[in-house]
2 protein chains.
Amino acid sequence: MIPIANIKDVANKAGLSVTTVSRYLNDHPYISDEKKKKIQKAMEELDYAPSTLATQLRSNRGKTIGVLVSRITNPYFAYLVDAIEKKVKQGGYHLLIMQTYGDKQEEINTLNMLKEKTISGVIMCSVENDFRTIESYTKYGPIVAAAQTDFKSNSLHFIMTNQEQATYDAIKFLIRKGHTRIAYSTGGDFTENSHGAYRNRGYLKALEDAGIQFNKEWVFTDNHTIEDGMAIAIRLSKLVESRRPKAIFAGSDEVAIGIIQKLEELNIHVPKDMAVMGFDNQPFSALAKVPITTVAQPVGALGQQAAELIASMLEETEYEVDQSQLKLKIIERESA
Amino acid sequence: MIPIANIKDVANKAGLSVTTVSRYLNDHPYISDEKKKKIQKAMEELDYAPSTLATQLRSNRGKTIGVLVSRITNPYFAYLVDAIEKKVKQGGYHLLIMQTYGDKQEEINTLNMLKEKTISGVIMCSVENDFRTIESYTKYGPIVAAAQTDFKSNSLHFIMTNQEQATYDAIKFLIRKGHTRIAYSTGGDFTENSHGAYRNRGYLKALEDAGIQFNKEWVFTDNHTIEDGMAIAIRLSKLVESRRPKAIFAGSDEVAIGIIQKLEELNIHVPKDMAVMGFDNQPFSALAKVPITTVAQPVGALGQQAAELIASMLEETEYEVDQSQLKLKIIERESA
DNA sequence: ATGAAAGCGCTAACAG
DNA sequence: CTGTTAGCGCTTTCAT
């Protein structure tokens with residue numbers, strides 16, 4: 001691991017000053033072609049690459065964007081990260097991935113990296129803390145959150161999809177299929193200010209509008225994985241039939257596939273005995289044992305726009321989010 | 001976006017020198033408790049956080065590890081990244097994710113970030129260039145590749161699983177099931193030095209050992225996604241039955257699920273008309289329409305050990321890879 | 001068109 | 001135990 005040449009070495013070799021070399025590096029005007037050649041030659045011979053560390057320290061601007069996800073193994077986040085990465089790369093940015101696993105403190109830790117200049121901006125694909133708290137970190141750098149909210153802020157920016165409406169539509173879809181006994185699974189805890197509060201509202205509102213009584217026994221909280229879905233199925237199966245729902249909004253395709261799998265194992269058939277509705281429209285959803293009826297999220301557009309928005313904040317240019325690209329859509333297949 | 005306090009501000013506020021503050025920051029001995037308190041207080045009041053940029057520039061050691069994957073949306077890589085992230089976090093490192101999408105130049109670009117000090121080390125979860133080339137970048141920082149190879153190097157380190165043996169075993173498994181017409185899909189181009197060369201060898205060797213004639217018509221190259229799998233199924237279906245294989249080694253569960261899905265649509269049944277063998281044992285594989293028989297990769301151990309290995313190189317300590325954790329294993333389900 | 005010199009925020013001799 | 005000082009590699013006035 002040999003010491004790498006620095007700008008001074010290049011300057012010496014080229015018989016010029018560091019200033020000129022720096023100018024060359026930054027595409028300044030006023031350098032004669034002759035010297036340009038010399039510099040290029042020196043750089044090649046020395047196998048030179050400018051230290052991003054020094055550049056960033058001096059110019060006070062980095063090229064790394066932090067991306068917060070709850071876990072990268074959730075395909076929803078993987079696809080989001082993919083879309084973000086493709087876009088930011090165009091602007092010469094890089095992505096530092098941080099997983100929170102639902103932990104508030106981990107999220108704060110990442111936000112603090114803004115202060116330490118480890119990253120220059122943050123895209124929050126999931127959010128754990130309340131927006132008031134998060135907003136307070138915008139004084140350290142730009143933050144974009146992908147989340148639905150009423151929270152108004154000049155400094156904290158959002159890329160929003162209408163989760164409430166989509167959930168309302170999804171429940172309505174089940175109701176139109178004749179369902180009235182509709183269970184509900186969420187990644188949060190079903191309280192007012194938690195994860196998925198908007199979806200909760202959509203669920204409640206759809207029931208209410210249809211004159212269906214809400215049944216607290218039928219809400220399942222804190223579910224994220226295939227295993228969580230399986231656990232739900234087991235609980236569902238243990239309910240005597242008179243108290244058992246006939247449909248469930250799973251909150252994610254991962255949970256949905258777990259539910260379906262276990263239900264079938266337990267000889268409860270989908271959708272005949274139990275309709276299951278997913279969320280996300282992940283690649284495997286169409287290919288499951290019972291293809292999943294779900295709501296598609298516009299991940300590609302979401303990631304791309306989040307990337308463009310954060311870049312515009314970093315570069316102090318304007319960017320207008322295009323809501324028309326951010327629509328959710330029910331995909332009807334066989335599970336409901 | 002307010003300017004952040006620096007070490008000098010803290011020193012001034014605490015009425016001490018920057019050295020003492022720096023010592024405090026780095027847990028040096030020999031600071032009186034009284035001053036420690038003062039420093040803590042000053043830091044809090046100023047909302048101070050040390051600039052990682054300056055620290056790294058000065059100490060010439062960063063805390064960011066680059067991770068190269070071909071695409072993060074492939075669950076194999078997502079789980080690998082997850083395992084790596086969990087481990088490096090313990091050492092205070094962060095992960096910069098780079099996707100190559102199979103592009104050699106992208107891989108080189110990432111390796112070059114070592115030179116620029118953007119990252120301090122690289123874990124290559126996928127590899128595109130030849131090892132001779134990659135090895136030449138080790139002079140800029142530690143590189144760990146997760147790949148099987150005979151390439152010997154003092155500077156370039158490997159975390160290896162025996163892909164050849166696993167493929168041999170998988171093909172053997174099919175042969176024991178009575179198959180002799182076995183097709184083969186790979187992510188590479190089936191040449192000697194490409195992607196998956198070891199798997200190719202395993203395939204060829206298993207055929208040879210069983211006295212089965214190799215049929216070039218039955219190898220499908222450059223397949224990675226579910227869509228690629230579907231395309232294979234279509235090509236398979238177009239073969240007249242006398243020239244059609246009765247089994248296929250898909251190379252990945254993603255490709256396998258695509259093949260199975262499309263085959264079933266085309267009324268060719270798995271495994272009756274065509275056995276399909278996957279690779280990776282991804283979470284959805286057990287839950288597919290026809291649960292996939294596959295070979296499980298030890299992603300967790302792979303990620304963890306890659307992380308420990310790179311950390312040991314960065315910290316110049318010793319680390320011995322534990323091969324016993326790195327075994328591949330056939331998981332028999334229904335597709336073959 | 002080019003260069004000298006100051007300094008970004010921090011660490012590490014060295015001196016006391 | 002604490003402070004002074006010289007850089008790490010780069011950008012950026014300010015001269016020339």
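Residues numbered from 1 in each chain as written. Chains lettered and ligands numbered in written order. Predicted model: local features only at pLDDT ≥ 70, side-chain atom pairs only at ≥ 80, totals over all residues. Heavy atoms only, no water.

### Quick notes on the overall build of chain A
Regarding its fold elements, chain A presents 12 helices and 11 strands. Counting only C-alpha atoms, chain A reaches 90 × 40 × 35 Å along its principal axes. Here chain A holds 336 residues, and 55% of them are scored as buried. For chain A, long-range pairs separated by at least 24 residues make up 66% of all intrachain contacts whose partners lie at least 6 apart in sequence. (Helix = DSSP H or I, 4+ residues; strand = E, 2+ residues; numbered from the N terminus. Buried < 20%, exposed > 50% of the residue type's maximum accessible area, 1.4 Å probe, protein only. Contact = heavy atoms within 4.5 Å.)

### Quick notes on the protein's contact with DNA strand C
Near DNA strand C, the surroundings consist of 23 residues, among which T20, R23, Y30 and R58 of chain A together with I7 of chain B are the closest. Protein-proximal atoms of DNA strand C, defined as those within 4 Å of the protein, fall in sugar or phosphate at a share of 56%. Side-chain polar atom of T20 of chain A to a phosphate oxygen of DNA strand C: 2.6 Å apart, as the coordinates give it. Take R23 of chain A: an N or O atom from its side chain is 2.6 Å from a base oxygen of DNA strand C. Per-class residue counts for the surface near DNA strand C are 8 nonpolar, 10 polar and 5 charged. (Near = heavy atom within 4 Å. Polar contact = N/O pair within 3.5 Å; in protein donor to acceptor, adjacent residues only side chain to side chain. Nonpolar A, V, L, I, M, F, W, Y, C, P; charged D, E, K, R; others polar.)

### Here's the deal with the UniProt feature "domain: HTH cro/C1-type" (unreviewed entry) in chain A
As recorded in UniProt, the sites labelled "domain: HTH cro/C1-type" (unreviewed entry) are residues 8-49 of chain A. Secondary structure content for residues 8-49 of chain A is 69% helix and 0% strand, while the C-alpha to C-alpha distance between its ends is 12 Å. (UniProt positions renumbered as here; feature names shortened; annotations may be inferred.)

### A short note on the UniProt feature "domain: HTH lacI-type" (unreviewed entry) in chain A
Mapped onto this numbering, the UniProt entry gives "domain: HTH lacI-type" (unreviewed entry) at residues 5-59 of chain A. What you have in residues 5-59 of chain A is 69% helix and 0% strand, and the ends, taken at the C-alpha atoms, are 20 Å apart.

### Quick notes on the packing of helix α2 (residues 18-25) of chain A against helix α3 (residues 33-46) of chain A
Residues and elements named next belong to chain A. One can describe the packing of α2 onto α3 by two numbers: an axis separation of 11 Å at closest approach and a directional angle of 90°. Judged by the inter-axis angle, α2 sits roughly perpendicular to α3. Between α2, through T20, V21, Y24 and L25, and α3, the contact on the second element is made entirely by K36, I39, Q40 and M43. (Axes fitted to C-alpha atoms, helices over the stretch in contact; angles between N-to-C directions. Parallel < 35°, antiparallel > 145°, perpendicular 65-115°, else oblique.)

### As for the protein's contact with DNA strand D
Taken together, 23 residues surround DNA strand D, and among them I7, Y48 and R58 of chain A together with T19 and R58 of chain B come closest. Protein-adjacent atoms of DNA strand D, using a 4 Å cutoff, are sugar or phosphate at a proportion of 54%. Backbone polar atom of S17 of chain B to a phosphate oxygen of DNA strand D: 3.0 Å apart, as the coordinates give it. Here K35 of chain B contributes a side-chain N or O atom positioned 3.1 Å from a phosphate oxygen of DNA strand D. Of all the secondary structure elements, the ones that give two or more residues to the surface near DNA strand D are α2 and α4 (52-59) of chain A together with α2 (18-25) and α4 (52-59) of chain B. Taken together, the residues of the surface near DNA strand D break down into 8 nonpolar, 10 polar and 5 charged.

### Some thoughts on the domain arrangement of chain A
Residue and element names in this part refer to chain A. Its domain assignment divides chain A into domain 1 (7-50), domain 2 (61-161 + 299-325) and domain 3 (163-296). Computed from C-alpha coordinates alone, the two centres of domain 2 and domain 3 are separated by 29 Å. Domain 2 puts 12 residues into the contact, and the matching count from domain 3 is 12 residues. Considering only the surface of domain 2 that becomes buried against domain 3, R71, P75 and Q148 emerge as the three largest contributors, covering 48% of it. (Domains from an automatic or database assignment. Buried area = accessible area lost by both parts, 1.4 Å probe.)

### Regarding the interface of chain A and chain B
Buried accessible area, meaning the area lost when the parts come together, often serves as the stated size of an interface. Contact with chain A, which involves 52 residues of that partner, is made by 52 residues of chain B. Buried surface at the junction of chain A and chain B, both sides included, amounts to about 4,700 Å², of which 64% is carbon and sulfur. At the junction of chain A and chain B, the tally comes to 4 salt bridges. E106 of chain B is paired through a salt bridge with K89 of chain A; the nearest N and O atoms lie 3.4 Å apart. At the junction of chain A and chain B, the tally comes to 22 residue pairs in polar contact (both at pLDDT 80 or more). For the side of chain A that touches chain B, the secondary-structure elements that each account for two or more residues are α4, α5 (75-90), β2 (94-99), α6 (104-115), α10 (226-238) and α11 (253-265) of chain A. (Salt bridge = Lys/Arg side-chain N within 4 Å of Asp/Glu carboxyl O.)

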